[in-house]
Amino acid sequence: MSKSRKLLLAVLSVLSLIFSVIAPMQSARAADEITFVTPAWQPDVIKAMQDAVSAWNKANPKTPVKLIPGDWDNLGDQLTTQFAAKTAPDVIHYESVGIREYAKRGYIADITSLMRPLQNSIPAGEWAAASYRGKLVGVPFLDQTYVVFANVDLFKKAGVAIPTAKEGVSWDDFAALSKRMTNSSHYGLSYGLLRPASSFMVMSTNFGAKFFRGYTSGKASLRVGAAELEIPSRVYDMVYKDKSIDPGSLTVSAGGSVAPFLAGKTAMLLMGSYAAIDLDVAAKEKGFNWTVLPLLRGTSQMQAANPQTFSISQQSTKKKDAARFIQFLMKDENVTKFALGDGLVPLTTSAMKAAQVAKKSSPGWTQIFADGENFTVAPFAYVPEFDQWKGTVLQPALQNFMQNKISKAELVKRLEDGWKSLR
Amino acid sequence: MSRILGKFTIAFTVFLFVIFLGGPLVWLVSMSLKSPIEILAYEPKLLPNEIQLGNYQEALEKSGIIHAFINSVVISTVSTLVICLLVVVPAYVFARSKGILTKGMSLWILISQVFPLSLLIIPMFLSMQRLNLVNSQFGLILIYVIINIPFSLWLLRSFVLNIPKELEEAARIDGATTAYMIRTVILPLLLPGMVVVAIFTFVNVWNEFFFALVFLSDPEKATLPLKLAQFLGSEGRGRFGALAAATVMAIIPALVMFGIIQRKFSDNFLAGAVKG
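So, how was this worked out
- Residues numbered from 1 in each chain as written.
- Chains lettered and ligands numbered in written order.
- Predicted model: local features only at pLDDT ≥ 70, side-chain atom pairs only at ≥ 80, totals over all residues.
- Heavy atoms only, no water.
- Helix = DSSP H or I, 4+ residues; strand = E, 2+ residues; numbered from the N terminus.
- Rg over C-alpha atoms; globule rule 2.2 N^0.38 Å.
- Buried < 20%, exposed > 50% of the residue type's maximum accessible area, 1.4 Å probe, protein only.
- Contact = heavy atoms within 4.5 Å.
- Areas by Shrake-Rupley, 256 points an atom, 1.4 Å probe, with all protein chains shown as cover.
- Pairing = 2+ DSSP bridges.
- Buried area = accessible area lost by both parts, 1.4 Å probe.
- Salt bridge = Lys/Arg side-chain N within 4 Å of Asp/Glu carboxyl O.
- Polar contact = N/O pair within 3.5 Å; in protein donor to acceptor, adjacent residues only side chain to side chain.
- Phe/Tyr/Trp six-rings, centres within 6.5 Å; stacked < 30°, edge-to-face > 60°.
- pLDDT = per-residue confidence, 0-100.
- Core = buried A, V, L, I, M, F, W, Y, C linked by side-chain atoms within 4.5 Å.
- Axes fitted to C-alpha atoms, helices over the stretch in contact; angles between N-to-C directions.
- Domains from an automatic or database assignment.

Draft legend 1. Representation of the overall build of chain B in the model. Along the backbone of chain B there are 12 helices and 0 strands. Ordered by position from N to C terminus, the α and β elements of chain B give α-α-α-α-α-α-α-α-α-α-α-α. Over its C-alpha atoms chain B spans a radius of gyration of 23 Å, topping by over 25% the 19 Å that the globule rule assigns to 276 residues. The C-alpha extent of chain B, read off along each of the three principal axes, is 70 × 70 × 30 Å. Within chain B, the fraction of its 276 residues that count as buried is 41%. In chain B, of all internal contacts separated by at least 6 residues, the share reaching a separation of at least 24 is 70%. About 15,400 Å² of surface is accessible on chain B, with carbon and sulfur atoms providing 72% of the total.

Here's what the structure looks like:
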């Protein structure tokens, strides 16, 4: 046999060997299996999800659940393709803003009647945020508030009292506090402003910002007025006029704003409550002393709800079993573990109590859980195209504004024109 | 003096190049050995204060990274081998044939590269679904072969064009058939080109994320990029220490393999270079 033929034979042998290994791996999905996709990424939450699935499978061997790991950044693309091809998972862990968009396209099942027993234990604003045209399309179970973390030792050193009033800290007082805590060795505030859209939209509810009108008719219009500009204007002033926000904040996302706070380069950190996870580690490893201020207040302390949800695909042939599984996931012990693992607010009354008990020794966590009653459904939650507008119009326009590249008038124009171009 | 200056300039440029290429790798290894708090440090240091192996432990125990690594090796290797086998003859034909049909086909292959893959994902998904190849590594290999063939074909075609036609003519005068000539004359001379195609294909497939994300739903079938993405959360957060550890483990075998292939590539490329 010639050398080249031997080579060809060798390559074909290797290929057939590999294919013979791969082929048995292409197992078909079991007919009675419930598929459950979750983008959980914190180790404790992943473990809690795995434990919950194992416990379910042990108790329900005829309707086992298969857990499919996803990731937050790509779950939308993954679901879009799977819905189009009718291969979507039965149970979907996502967020209400995204799930409502799929509900508009008919991909998500109405689970109002299946989840009725849970309704009384979940705040009305959260329930509404996870509903589309009056029908529940996801069970809300966790949400995050944007809170102000404080470095207790820096405040003590400066002789400044940390606000504790239950009615919250007004934005004027907060700006003054940040200015007061700014000196030659540190800034008042660290606030990841590289992608400010989410936090600005959530906190704009402080000033009653609506952005959208006529949303119940399905033909929402957008208007950016004084209320809608309150948060961007105030933060802009803190960066450029008061100079009390670390200028490095403009170049980092939320995750990147923790480092200067932990290093004592800023006295406060404005971020989602989930930062408490990192701060707990810092407290344990290097004695970092942190707490949380009462929620910021404009005309109210309310923040827009965008809860994490469990939904059922309209394509699922096992909706009742999937609903039973969601009710199983919503047990207090599970929701409490999800909340503590993610640093978020649990949304059922009893899970909230359990979480408060688990973290009663921490003033910061206590404040975070106490803030859980300040969620309301914002108008944008009713607008299925909001997510698209947020990503393609709002985010880049706010980035340009915060980097001082465009004026306030230009910001308004871009937001309104951008919305019209999407309609 | 100018000679010394020249040597210094070359050495300095090489040094900068090594820093530029090797810097991120050193940083990655360093990060994989740091504690979570050190990773969050405001003024990060190049070397860890204290070497921690916890990130490696987390990556190995909790993420199923080894299984994903094996999946990636299998999928990348098979895709690369299949493409290398499939492109030789067409590359030869496209390089040597002057017919209108060949020119048209070759233009079409070039045009097919213009379409963004994201536009094709849903039609491809539906097609694969009809073939019952969704959530199948075999299906994913098929996709990778399809999307990588056009570029590989064009790449190899340029290597064929560099082979002197006189060699083929000599083989034909000796009575060789086209198939025999390709096997005994063209193929050995194309080896450096094949190595380049293999490297490009392997790297493309090894790093590919989006098709794997959409086509594979079974965690046991996930490739490395899918597993690595699961270390990341939203809003710029993530388990960066474990991610760095998993990435280090993922690239070591690939680096070793490329070291071997690169050597082979250089050997073949220079073979005969000094013969008269």
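Draft legend 2. Just the pairing of strand 16 (residues 308–312) of chain A, in detail. Residues and elements named next belong to chain A. The buried fraction of strand 16 is high, at 5 of 5 residues. Every second residue of strand 16 is oriented toward a common face, with Gln308, Phe310 and Ile312 on one face and Thr309 and Ser311 on the other, all of them buried. Note: strand 3 (residues 91–95) against strand 16, 5 bridges, orientation antiparallel. Bridging from a neighbouring strand, isoleucine 92 pairs with serine 311 of strand 16. Pairing of strand 6 (residues 139–143) with strand 16 involves 3 bridges; the strand directions are antiparallel.

Draft legend 3. Representation of the interface of chain B and chain A in the model. Contact with chain B, which involves 45 residues of that partner, is made by 53 residues of chain A. Between chain B and chain A, a total of about 4,100 Å² is buried, with carbon and sulfur atoms accounting for 67% of that surface. Among the residues chain B hides against chain A, the three largest losses belong to Tyr42(B), Glu235(B) and Arg237(B). Together they make up 17% of the total. Our count for the chain B to chain A interface comes out at 2 salt bridges. Residue Lys66(A) pairs with Glu220(B) through a salt bridge whose shortest N-O separation is 3.3 Å. The interface formed by chain B and chain A contains 5 residue pairs in polar contact (both at pLDDT 80 or more).

Draft legend 4. A look at the pattern of salt bridges. Scanning all chains against the criterion turns up 16 salt bridges over all chains. The partner of Glu385(A) in a salt bridge is Lys104(A), and the shortest N-O contact between them spans 2.8 Å. With Glu385(A) in the loop between strand 18 (375–376) and helix 16 (386–402) and Lys104(A) in helix 4 (residues 96–104), this residue pair connects regions lying 281 residues apart in the sequence. Classification of Glu385(A) as buried rests on a relative accessible area of 14%. Each member of the salt-bridge network shares a partner with another, and the members are Lys66(A), Asp218(B), Glu220(B) and Lys221(B).

Draft legend 5. Representation of the packing of aromatic side chains within the structure. All names here are of chain A. A complete count under the given rule lists 31 aromatic pairs over all chains for this structure. Ring centres 6.2 Å apart and planes at 20° place the aromatic pair tryptophan 72 and tyrosine 94 in the stacked group. One end of the pair, tryptophan 72, is in the loop between strand 2 (65–69) and helix 3 (75–84); the other, tyrosine 94, is in strand 3, with 22 residues separating them in the sequence. Pair check on accessibility: tryptophan 72 and tyrosine 94 agree, each one buried. Ring plane angle 70° and centroid distance 6.4 Å describe the contact between phenylalanine 310 and phenylalanine 338, whose orientation is recorded as edge-to-face. Of this pair, phenylalanine 310 sits in strand 16 while phenylalanine 338 sits in helix 13 (residues 332–342), and the two are 28 residues apart along the sequence. For phenylalanine 338, a relative accessible area of 0% translates into the label buried.

Draft legend 6. How the structure looks around the confidence of the model for chain B. Residue and element names in this part refer to chain B. The pLDDT averaged across chain B works out to 85; a share of 94% of its residues lies at or above 70. In this model residues 272–276 is a low-confidence stretch, pLDDT under 50, and it forms 0 contacts with partners more than four residues away in sequence or in other chains. Scoring of the predicted complex yields 0.82 for pTM and 0.74 for ipTM.

Draft legend 7. The arrangement of the environment of Leu216(B) in detail. Residues and elements named next belong to chain B. As for its position among the elements, leucine 216 is in the loop between helix 10 (210–215) and helix 11 (224–229). For leucine 216, a relative accessible area of 4% puts it in the buried group. Separated by 79 residues in the primary sequence, leucine 216 and glutamine 137 have C-alpha atoms spaced 7.5 Å apart.

Draft legend 8. Spatial organisation of the nonpolar core. Formed by 67 residues in total, the largest nonpolar core has its most connected members in Phe36(A), Met115(A), Val139(A), Phe149(A), Phe310(A), Met330(A) and Phe338(A). Core analysis: the next-biggest nonpolar cluster, separate from the first, contains 58 residues, Ala150(A), Ala175(A), Ala378(A) and Val412(A) among them.

Draft legend 9. Representation of the side chain of Thr223(B). Residue and element names in this part refer to chain B. Mapped onto the elements, threonine 223 comes out in the loop between helix 10 and helix 11. Under the relative-accessibility criterion, threonine 223 is labelled buried at 4%. With residues near it in sequence (within four places) discarded, threonine 223 still touches Ala68, Ser72, Ile75, Leu140, Ala212 and Leu216.

Draft legend 10. Spotlight on the sheet that holds strand 6 of chain A. All names here are of chain A. If you walk across this open sheet you meet the 6 strands as 2-1-3-16-6-17, and the pairing is mixed. Looking at strand neighbours, the two that pair on one side only are strand 2 and strand 17 (345–346), the edges of this open sheet. Contacting strand 1 (34–38) and strand 3, helix 3 crosses the sheet at an angle of about 140° to strand 3.

Draft legend 11. A look at the environment of Ala254(A). Counting through the fold element by element, Ala254(A) comes out in the loop between helix 9 (226–240) and helix 10 (258–262). For Ala254(A), a relative accessible area of 12% puts it in the buried group. For the pair Ala254(A) and Asp278(A), spaced 24 residues apart in sequence, the C-alpha to C-alpha distance is 12 Å. Other than its neighbours up to four places away in sequence, Ala254(A) contacts Gly192(A), Met271(A), Tyr274(A) and Glu235(B).

Draft legend 12. Structural view of unusual backbone geometry. All names here are of chain A. Not every positive phi belongs to a glycine, and arginine 133 is a case in point at roughly 50°. Relative to the assigned elements, arginine 133 resides in the loop between strand 4 (131–132) and strand 5 (135–136). For arginine 133, a relative accessible area of 59% puts it in the exposed group. One non-glycine residue with positive phi stands out, namely phenylalanine 211, at about 60°.

Draft legend 13. Spotlight on the domain arrangement of chain B. Residues and elements named next belong to chain B. Each domain of chain B was delimited in the assignment, giving domain 1 (1–52) and domain 2 (63–275). Taken over C-alpha atoms, the centre of domain 1 sits 31 Å from the centre of domain 2. With 6 residues of domain 1 in contact, the opposing surface of domain 2 contributes 8 residues. Between domain 1 and domain 2 we count 0 salt bridges in total. In this assembly, domain 1 and domain 2 are joined by 0 residue pairs in polar contact (both at pLDDT 80 or more). With 5 residues, helix 1 (residues 2–32) is the largest single contributor of residues to the side of domain 1 that touches domain 2.

Draft legend 14. Highlighting the side chain of Ser249(A). Residues and elements named next belong to chain A. When you line up the elements, serine 249 lands in the loop between helix 9 and helix 10. What makes serine 249 buried here is its relative accessible area of 1%. Within the local environment of serine 249, its side chain forms a polar contact with the backbone nitrogen of tyrosine 191, the two atoms lying 3.1 Å apart. Setting aside its immediate chain neighbours within four residues, serine 249 contacts Leu189, Ser190, Tyr191, Gly192, Leu193 and Leu194.

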